[in-house]
Amino acid sequence: MGRLEGKVALVTGAARGQGRSHAVTLAREGADVIAVDIARERPEFGLTYPLGSAEELAETAAQVEKLDRRVITGEIDVRDTDLLTDFVSEAVAELGRLDVVIANAGIAGPGAPTHEITDLAWDQLVSVNLTGAWATTKATIPHLIEGGRGGSVVLISSMAGLRGYPGIGAYSAAKHGVVGLMRTLAAELAPRWIRVNSIHPTQVDTAMIHNDGTYRKFRPDLENPARRSSRRHRRRCTRSRLPGRTRRTSATHAVLFLASDDSRLITGVTLPVDAGLLIK
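Everything in this summary refers to the structure shown in the same document. (Residues numbered from 1 in each chain as written. Predicted model: local features only at pLDDT ≥ 70, side-chain atom pairs only at ≥ 80, totals over all residues. Heavy atoms only, no water.)

1. Re unusual backbone geometry
Defined as follows: Each helix is a run of DSSP H or I of at least 4 residues and each strand a run of E of at least 2, with the numbering of both proceeding from the N terminus. Buried, partly exposed and exposed residues are distinguished by accessible area as a fraction of the type maximum, computed with a 1.4 Å probe on protein chains only: under 20%, between the cut-offs, and over 50%, respectively.
Positive phi, close to 55°, is recorded for alanine 39, a residue that is not glycine. Counting through the fold element by element, alanine 39 comes out in the loop between β2 (32–37) and α2 (54–66). Relative accessible area serves as the criterion here: at 7%, alanine 39 is assigned to the buried category.

2. Section: helix α1 (residues 17–28)
What sets the pattern is the α-helix's 3.6 residues per turn: residues three or four places apart point alike. This is how the line gets drawn: By this rule, a helix spans an expected 1.5 Å times one less than how many residues it contains.
Taking 1.5 Å of rise per residue, the 12 residues of α1 would be expected to cover 16 Å, and the 17 Å separating its terminal C-alpha atoms lies within 8% of that figure. Among the 12 residues that make up α1, 10 are buried, leaving the element largely enclosed by the rest of the structure. Among the residues making up α1, those that are buried are Gly17, Gln18, Gly19, Ser21, His22, Ala23, Val24, Thr25, Leu26 and Ala27.

3. Regarding a negative patch on the surface
The test is simple: Like-charged residues within 9 Å of one another, or nonpolar side chains (Val, Leu, Ile, Met, Phe, Trp, Tyr) within 5 Å, are grouped into patches, provided each residue has over 30% relative accessible area and no salt bridge. Per-residue accessibility takes into account occlusion by the displayed protein chains alone, with areas from the Shrake-Rupley method and a 1.4 Å probe. By convention in these notes, a salt bridge is any Lys or Arg side-chain nitrogen within 4 Å of a carboxyl oxygen on Asp or Glu. Only four residue types enter the charge count: Lys and Arg as positive, Asp and Glu as negative, with His and the chain ends excluded. Note that the charge is assigned to NZ on lysines, CZ on arginines, CG on aspartates and CD on glutamates.
Residues Asp80, Asp82, Asp86 and Glu90 make up a contiguous surface patch of negative charge. In this fold, aspartate 82 is placed in helix α3 (residues 81–95). Looking at aspartate 82, the relative accessible area reads 60%, which means it is exposed.

4. Concerning the sheet that holds strand β7 (residues 270–273)
Note on sheets: strands pair through backbone hydrogen bonds, and any given pair is parallel or antiparallel. The line we're drawing: Paired strands, in this sense, are two strands between which DSSP finds at least two bridges. Axis definition: a line fitted to C-alpha atoms, limited for helices to the stretch in contact. Angles are taken between N-to-C directions and run from 0 to 180 degrees.
If you trace the 7 strands from one edge of the open sheet to the other, you get β3-β2-β1-β4-β5-β6-β7, paired in parallel fashion. For this open sheet the edge positions go to β3 (71–75) and β7, each flanked by a neighbour on one side alone. For this sheet, the mean angle separating the axes of adjacent strands, direction not counted, is 15°. Two elements, strand β5 (residues 151–156) and strand β6 (residues 194–201), share 6 bridges in a ladder whose sense is parallel.

5. Topic: the nonpolar core
The cut-off we apply is this: Buried Ala, Val, Leu, Ile, Met, Phe, Trp, Tyr and Cys residues form a nonpolar core when they are joined through side-chain atoms within 4.5 Å. Residue contacts follow a heavy-atom distance rule, with two residues in contact if any of their heavy atoms lie within 4.5 Å.
Ranked by size, the top nonpolar core spans 32 residues in total, and within it Ile34, Val36, Phe87 and Leu98 carry the most contacts. Looking at this core, the elements that each hand over two or more residues are β1 (8–12), β2, α3, β4 (100–103), α4 (119–147), β5, α5 (169–189) and β6. Sequence-distant contacts of leucine 98, that is, excluding residues within four places in its chain, are made with Val8, Ala9, Leu10, Ile34, Val92, Thr140, His143, Leu144 and Arg149. Core analysis: the next-biggest nonpolar cluster, separate from the first, contains 28 residues, Ala23, Ala61, Val71 and Ala254 among them.

6. Examining the pairing of β2
On any regular strand, side chains alternate: one points to one face of the sheet, the next to the other face. Formally: Seen with its strands pointing away from the viewer, a crossover is right-handed if its path from the first strand over the helix to the second goes clockwise.
Burial analysis of β2 places 6 of its 6 residues in the buried class, the great majority of the element. Neither face of β2 is left uncovered, since the one carrying Asp32, Ile34 and Val36 and the one carrying Val33, Ala35 and Asp37 both have all their residues buried. The parallel pair β1 and β2 is bridged by α1, and the resulting crossover is right-handed. Taken together, the 5 bridges between β2 and β3 define a ladder with parallel strand orientation. Bridge pairing in β3 links alanine 35 to threonine 73. Crossover β2 to β3 through α2 is right-handed.

7. Quick look at the packing of α4 against α5
Where we set the bar: Small angles under 35 degrees read as roughly parallel and large ones over 145 as roughly antiparallel, with 65 to 115 read as roughly perpendicular and the rest as oblique. For a crossing to be left-handed, the near helix must be turned anticlockwise from the far one by less than a right angle; the clockwise case is right-handed.
Packing of α4 against α5 leaves a shortest axis separation of 8 Å and a crossing angle of 20°. When the axis of α4 is compared with that of α5, the two are roughly parallel. Considering how the two elements wind past one another, α4 and α5 form a crossing that is right-handed. Every residue of α5 that contacts α4 at Trp122, Leu125, Val126, Asn129, Leu130, Ala133, Trp134, Thr137, Ile141 and Ile145 is listed here: Gly169, Ala170, Tyr171, Ala173, Ala174, Lys175, Gly177, Val178, Leu181, Leu185 and Leu189.

8. Here's the deal with the environment of valine 88
Residue position: valine 88 is located in helix α3. Judged by its relative accessible area of 1%, valine 88 falls in the buried class. Between the alpha carbons of valine 88 and isoleucine 72 there is a distance of 9.8 Å; along the sequence they are 16 residues apart. What valine 88 contacts, discounting residues up to four positions off in sequence, is Leu10, Ala139, Thr140 and His143.

Any link to function would need more than the numbers given here.
Here is the structure:
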């Protein structure tokens with residue numbers, strides 16, 4: 001406990017799932033939190049699952065406050081650089097500093113062979129997952145530099161950012177791009193003791209995975225596949241060495257490690273949270 005005492009952390013995609021887990025855990029370790037989420041539906045994304053809501057973002061804030069930590073929320077599309085930059089500046093001024101940035105916001109679109117992906121689907125997936133990560137760093141890094149205390153930036157990529165999977169070409173391209181962004185920022189910011197790393201979870205128990213669209217990717221032979229009917233096929237495609245289910249807190253433990261001084265000499269690293277998938 002207390003590994004982030006007195007620090008301030010920003011988390012995007014914080015309304016639910018992994019983002020909420022990250023925000024609440026960092027608060028439990030002593031950090032005040034700036035929680036950002038789009039917090040509304042965007043039909044043009046063509047998703048098969050709902051995005052986080054304003055009510056869910058408020059619940060994240062309530063959980064942080066129960067830990068006696070301060071929290072500021074912003075309902076912002078992370079691609080809106082100007083709005084995000086203004087919001088971050090106001091939040092940092094109110095909380096007094098910024099030490100940790102977790103670029104977690106992302107979407108997973110419908111599956112299709114790469115040559116059949118529509119222009120719109122490609123643009124949406126790359127803009128949210130890659131441009132959104134860049135915009136988050138653009139809005140926050142000046143405050144880390146100004147603070148003069150160093151800091152930690154963690155970009156949430158995916159196992160699809162380290163290897164290729166059929167049917168998710170745009171998502172995989174964006175998540176590979178996050179790695180290039182991370183490595184460049186790590187090199188640029190190391191002289192200022194600002195560490196930049198990426199985390200690569202395998203499938204995690206969140207709404208992004210558990211929805212009808214994902215089930216159909218793994219069981220195209222069924223008209224209305226259920227969670228149970230797709231489980232064996234999902235496990236075969238993402239089989240790992242370690243048994244058991246990957247929980248959202250699994251990635252959060254890695255986030256906490258990279259956010260804290262426990263990792264003070266670690267930068268430019270791609271950290272898989274994959275239960276051994278890479279050694280399959």
